[in-house]
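For reference, the chains in residue letters:
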Amino acid sequence: MIWRCDLVPQYELYKKEIDEAMQRVLVSGRYTNATEVNAFEKEFAKYIGVDFSVGVANATDGLTLSLMALGIGKGDEVITTPFTAIPTVSAIIDSGATPVFVDVKEDTFLIDLDKIKAAITQKTKAVMPVHLFGNVVDIFKLREIVGKDMPIIEDASQSHGSKLGEHQSGSMGDIGVFSFYPTKNLGAIGDGGMIVTKNAEINEKLRLLRMYGMTDYNHIKINGINSRLDELQAAILRVKLTHLDEMNHKRNLIAKKYISQLRTDLFEHQVIEEGIYSNYHVFVSKFKSDRKKFIEYMDERKIQTNIYYLMPLHMQEATRFLGYKKGDFPIAESLSDKVIALTFYPELQNELQEEVISVTNKFML
Ligand SMILES: Cc1ncc(COP(=O)(O)O)c(C=O)c1O
């Protein structure tokens with residue numbers, strides 16, 4: 001089977017460094033929020049180009065905690081996209097706020113900035129753009145649209161190392177949130193997340209919120225939650241951070257090859273606009289022919305494909321209470337009907353790349 005994503009080759013490639021890092025933690029006797037987390041927070045903040053970063057248990061918590069830190073909750077609205085992973089939206093709902101959707105663009109798959117103004121109401125308290133599949137929302141344009149006082153929380157869960165010009169994704173808004181779920185470009189051996197900000201006050205608040213609201217073991221200042229990053233994960237992520245640029249470069253080379261060699265009558269690829277460096281978190285394109293048949297065809301040849309995302313979030317059972325209906329976000333709906341993800345990960349060997357391309361190109365209706 002050729003998997004859509006295989007995580008073992010990455011472990012094998014960096015095995016020595018990862019094993020050493022794990023061993024270091026095991027013998028330290030300190031397994032949460034200690035040396036490795038502190039060091040990783042500093043190294044990650046430096047990489048992203050921000051002053052502070054706060055390790056958390058996962059990005060869903062990271063997004064919810066960000067809203068909590070900004071004092072956003074019940075009765076407030078947060079603008080986001082219906083074409084994203086469910087946690088973007090569950091995090092907003094978890095905070096008590098109401099997600100308000102704005103449709104995406106047909107070519108970039110990113111939130112349509114031209115439609116944001118019309119979605120802003122008195123209740124809008126933040127905008128949460130998503131750098132989907134590694135493509136980057138122009139946060140500076142978004143800032144011009146929403147004004148200087150509207151908080152922007154970048155969902156950078158899929159965009160470690162993606163850039164707009166020289167600016168790292170996650171560094172341009174008020175807060176950026178990253179996921180270290182194993183399949184992410186910077187992936188843990190389990191769950192993990194990071195919140196980044198340039199704002200010292202938000203940083204202080206997040207540090208309290210992620211650990212019971214504690215200032216020390218005897219004093220609870222505010223009501224927080226438990227969302228810690230493990231030492232073991234931080235130690236592994238420190239190793240992988242040193243290889244992130246090289247892994248993203250490999251992904252870019254594979255994407256380039258797919259784009260130049262896959263049949264153009266079958267695929268319309270995600271458009272990455274001039275000035276953007278995508279980390280190509282996944283290789284998702286619109287399929288121009290019969291997608292169901294293509295998936296069956298690939299399955300028969302033991303090549304896995306995936307669909308991100310089969311159902312836009314305004315059509316999920318869990319969001320029915322928001323009152324949206326089919327037809328409200330036609331572009332997100334049409335993308336859901338068309339998109340397909342091919343086998344894609346940085347260590348994907350040449351022969352396997354060739355096989356995916358050659359089998360795909362032999363597809364006939
Ligand atoms: C766009 C987006 N937002 C949020 C998340 C949530 O990340 P986590 O699984 O670390 O909570 C993910 C990961 O699945 C994601 O892809």
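This is a predicted model, so every value here is computed, not measured.

What counts, and at which threshold
Per chain, the residues get numbers from 1 upward, laid out in the order the sequence is written. Two thresholds apply to this predicted model, a pLDDT of at least 70 for residue-level local features and 80 or more for giving and counting side-chain atom pairs, whereas whole-chain, interface and lining totals are computed over all residues. The term nonpolar core refers to a set of buried Ala, Val, Leu, Ile, Met, Phe, Trp, Tyr and Cys residues connected through C-beta atoms within 7 Å. Residue burial here comes from a neighbour count, namely the number of other C-beta atoms, placed from the backbone, that lie within 10 Å of the residue's own C-beta, with 20 or more meaning buried, 12 or fewer meaning exposed, and in between meaning partly exposed. The split of the chain into domains comes from an automatic or database domain assignment. It is the C-beta atoms, placed from the backbone, that decide contacts: two residues are in contact if theirs lie within 7 Å. Counting from the N terminus, the helices are DSSP H or I runs at least four residues long and the strands are E runs at least two residues long. Expected span of a helix, by definition, is 1.5 Å for each gap between consecutive residues, and there is one gap fewer than residues. What the arc covers is the set of directions going from the helix axis to the C-beta atoms. To decide whether a residue is near a molecule or strand, its C-beta atom is placed from the backbone and checked for lying within 6 Å of it. Gly falls in the polar group here, along with every residue not listed as nonpolar (Ala, Val, Leu, Ile, Met, Phe, Trp, Tyr, Cys, Pro) or charged (Asp, Glu, Lys, Arg). We call two strands paired when DSSP finds no fewer than two bridges between them. The axes are straight lines fitted to the C-alpha atoms, using for helices just the contacting stretch, and the angles between their N-to-C directions are given from 0 to 180°.

## A look at the nonpolar core
Argument step 1. Ranked by size, the top nonpolar core spans 90 residues in total, and within it L67, V78, A126, V177, I195 and F283 carry the most contacts.
Argument step 2. Residues lining this core come from more than one domain, with at least three contributed by each of domain 1 (8–241) and domain 2 (244–361).
Argument step 3. For L67, the contacting residues outside a window of four places in its chain are I72, V78, I92, S95, A97 and A126.

## Looking at helix 9 (residues 244–261)
Argument step 1. Its 18 residues give helix 9 an end-to-end C-alpha distance of 26 Å, which sits within 8% of 26 Å, the value for a rise of 1.5 Å per residue.
Argument step 2. Every buried residue of helix 9 is accounted for by M247, N248, R251, I254, A255 and Y258. The buried side chains of helix 9 occupy one side of the element, clustering within an arc of 120° when seen end-on. Among the exposed residues of helix 9, those oriented more than 90 degrees off its buried face are E246, K256 and S260.

## Structural notes on the domain arrangement of the protein chain
The extent of an interface is frequently quoted as the accessible surface area lost upon association of the parts.
Argument step 1. Annotation of the protein chain at the domain level lists domain 1 (8–241) and domain 2 (244–361).
Argument step 2. On a C-alpha basis, the centroid separation for the pair domain 1 and domain 2 is 24 Å.
Argument step 3. With 35 residues of domain 1 at the interface, the matching set in domain 2 holds 30 residues.
Argument step 4. Listing elements by their share of the side of domain 1 that touches domain 2, those giving two or more residues are helix 1 (8–13), helix 5 (86–94), strand 3 (98–101), strand 6 (163–164) and helix 8 (231–241).

## Some details on helix 8
Argument step 1. Most of helix 8 sits out of view: 9 of its 11 residues are buried.
Argument step 2. Check the buried side of helix 8 and you find it contacts helix 2 (15–28), helix 3 (35–48), strand 1 (52–56) and helix 9.

## Here we look at the site of the ligand
Argument step 1. In the vicinity of the ligand there are 15 residues, among which N58, A59, T60, S157 and S179 approach most closely.
Argument step 2. When contributions to the shell around the ligand are tallied by element, the ones reaching two or more residues are helix 4 (59–69) and helix 5.
Argument step 3. Across the shell around the ligand, the residue classes tally to 5 nonpolar, 8 polar and 2 charged.

## Some thoughts on the sheet that holds strand 8 (residues 175–179)
Argument step 1. What the 4 strands build is an open sheet, ordered 1-9-8-5; its pairing is mixed. Two strands lie at the open edges of the sheet, namely strand 1 and strand 5 (153–155), each paired on one side alone. Across the sheet, the mean angle from the axis of one strand to that of its neighbour is 20°, orientation sign disregarded.
Argument step 2. Judged from the 3 bridges that link them, strand 5 and strand 8 form a sheet pairing that is parallel. Its bridge partner lying in strand 8, D155 is registered against V177.

## Things to note about the pairing of strand 1
Argument step 1. Counting buried residues along strand 1, 4 of its 5 residues qualify, which places the element largely inside the surrounding structure.
Argument step 2. For strand 1 and strand 9 (residues 193–197), the ladder comprises 5 bridges, and the chain directions are antiparallel. Of the residues in strand 9, the one forming a bridge with G55 is M194.

## Considerations on the sheet that holds strand 6
Argument step 1. Spatial ordering of the open sheet is given by 7-6-13, a layout of 3 strands whose pairing is antiparallel. In this open sheet, the two edge strands, each paired with only one partner strand, are strand 7 (167–168) and strand 13 (276–277).

## Some remarks on unusual backbone geometry
Argument step 1. Cis geometry is adopted by the peptide bond preceding Y309, which originates at Y308 and carries an omega value of 5°.
Argument step 2. When you line up the elements, Y309 lands in the loop between helix 10 (291–300) and helix 11 (330–338).
Argument step 3. Look at F133: it is not a glycine, yet its phi comes out positive at around 60°.
Argument step 4. A residue is classified by how many C-beta atoms lie within 10 Å of it, and F133, with 24 of them, is buried.
Argument step 5. A positive phi angle is found at Y212, which is not glycine, with a value near 60°.

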